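Structural overview
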Amino acid sequence: MLIESTPYSLQNKIRSLKARSCTVGFVPTMGALHEGHLSLIETSIQKTDKTVVSIFVNPTQFGKNEDFDQYPRQLENDLLILQNFNIDILFTPTHDDIYPHSLKERIQVKDPILSKLYCGVTRPQFLDGVLGVVLRLFNIVMPDKAFFGEKDYQQLIGIQKMAKDLFLSTEIVGCPIIREKNGLAMSSRNAYLSKQERQEAAIIYQGLCFARKLLDMEETDSQKIIEKVSEFITKDSMIRIDYIAIVDPNTLKLKRQASKDDRILFAGYLNQTRLIDNLAL
Ligand code: AMP
C-alpha cells in the first residue's frame, strides 16, 4: 500500500495506472475505520483493478458548533487495519492540499434544494460541504467507480445527483449498511457512545423495522407510520428525534402514501451524539 499525501503526485500515479488500462475504484472516508468502511473497500477491490482509499476529515461539512475538533482521528490504527486489505493507495491530504485557497475563498458546489432538506434543516452546511470535497477528491483520484454507503443516504443521493448534473465520469456505487449485532448502524461517531448508549441506540433500527411491519399490515399513511415509529423509538429511550421521513428512494421527495419501494430516513440524538439511519421499506 502506497501512502500518498500530495494531490499532484497522486494524479501522476493514477495517470500511469490508467495508461496501463487499470480501472480505479475510490473509497473516500474520514477515517476511524470500521466494518462499514471496510465493506466499501472490499466491494471496490472486487469491482475494480486498483483501489484508492482517502482519509480526510473535511472541515467544510461541519457546522461551527459541531464535532469537527472531537471527531475521532486514529491514523495509526487505520493503517494497521488497512494493511490487512489489498488496497493500492491510501491518500491522506492536509487541509491546504484540498483547499489551496483559504476556506473562505474556495470554489463551492451547492445543491439549492437537497442541501436544505432533512439533515439540511439542522446541518445546512453539510451536504454542500460534502459535494465540494467529493468533487475535489474525484478530480484528484479520477476514479472509474466510487463507493459510498447507504448509511448516509441523503449524501449518496446528493453525490449521485452531482455526478449526473456535472457530467462527472465516475460511476457512483451505493453499498448496503453494515450494522452491529444489535442492529445499530456502524458509524465512527458511535465511539462517542457508552456501552449502555450503544444498546439503547439499537431501538432506532427496531423502529425502522417496525415501519416496515406497519406497511406489511397495510398501513400506508406516512404520517401515521411516522407517529407510531416515533413513539416506538422514544417510549423507553432517551433518544430525541430530529426527523423521520418516508421518501422516494431516488429523488428523496416526501411520500404521503408509503409503498414498498420507499425509504424511511431517521436522524436524532442520544444525549449529545447525532445518529442517522435509514431502511428500504
Ligand atoms: P465517513 O468516514 O463517515 O465519512 O464514511 C465514509 C463512507 O463510509 C461513506 O460513504 C459512508 O456512507 C460509509 N459508511 C459509513 N458507515 C457505514 C455503514 N455502517 N455501512 C456502510 N457504509 C458506511
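A brief look at the structure comes next. Here the residue numbering is sequential within each chain, running from 1 through the sequence in written order. Residue-level local features of this predicted model are given only where pLDDT is at least 70; pairs of side-chain atoms are given and counted only at 80 or more, and the full residue set underlies all totals for whole chains, interfaces and linings. Heavy atoms from the whole structure form the basis of all side-chain values; hydrogens and water molecules are not counted.

**Points about the packing of helix 6 (residues 126–141) against helix 7 (residues 153–165)**
Our working definition: Helix axes are fitted to C-alpha atoms over the stretch in contact, other axes to C-alpha atoms as well, and angles between N-to-C directions run from 0 to 180 degrees. Put simply, DSSP H or I for four residues or longer makes a helix, DSSP E for two residues or longer makes a strand, and each gets a number counted from the N terminus. Orientation categories follow fixed angle ranges, with anything under 35 degrees roughly parallel, anything over 145 roughly antiparallel, 65 to 115 roughly perpendicular, and all other angles oblique. Each helix crossing is assigned a hand: it is left-handed if the near helix lies turned anticlockwise from the far helix by less than a right angle, otherwise right-handed if that turn is clockwise. We call two residues in contact whenever any of their non-hydrogen atoms come within 4.5 Å of each other. Put simply, Ala, Val, Leu, Ile, Met, Phe, Trp, Tyr, Cys and Pro go in the nonpolar bin, Asp, Glu, Lys and Arg in the charged bin, and everything else, Gly too, in the polar bin.
Where helix 6 contacts helix 7, the two axes come as close as 10 Å, and the packing angle between them is 50°. In this view, helix 6 runs oblique relative to helix 7, as classed from their interaxial angle. Judged by the twist between their axes, the crossing of helix 6 over helix 7 is right-handed. Along the contact surface, helix 6 presents Phe126, Leu127, Val130, Leu131, Val134 and Leu135, while helix 7 presents Gln154, Gln155, Gly158, Ile159 and Met162. Its residues assigned to classes, the contact of helix 6 with helix 7 shows 8 nonpolar, 3 polar and no charged.

**Some points on the side chain of Asp67**
This is how it is decided: Exposure is judged per residue with a 1.4 Å probe applied to protein chains only, and the accessible area is read against the type maximum: over 50% gives exposed, under 20% gives buried, and values in between give partly exposed. By the criterion applied in these results, polar contacts are pairs of N or O atoms within 3.5 Å in which, for protein atoms, one can donate a hydrogen and the other can accept it, and in which residues neighboring in sequence qualify only through two side-chain atoms.
You can see Asp67 is positioned in the loop between strand 3 (50–55) and helix 3 (75–82). Asp67 gets classed as buried once you look at its relative accessible area, which sits at 13%. A polar side-chain atom of Asp67 sits 2.8 Å from a polar atom in the side chain of Tyr192.

**So, the site of the ligand**
Applied cut-off: Near residues are defined by distance, with any heavy atom within 4 Å of the molecule or strand qualifying the residue.
Every one of the 17 residues lining the ligand counts as a neighbour, but Met30, His37, Asp152, Ile178 and Met186 are closest to it. The contact in question runs from an oxygen atom of the ligand to an N or O atom on the side chain of Asp152, over 2.6 Å. With respect to the ligand, the backbone of Met186 contributes an N or O atom lying 2.8 Å from a nitrogen atom. For the shell around the ligand, the secondary structure elements donating two or more residues are strand 2 (24–29), helix 2 (35–47) and strand 5 (145–149). For the shell around the ligand, the class distribution of residues is 9 nonpolar, 6 polar and 2 charged.

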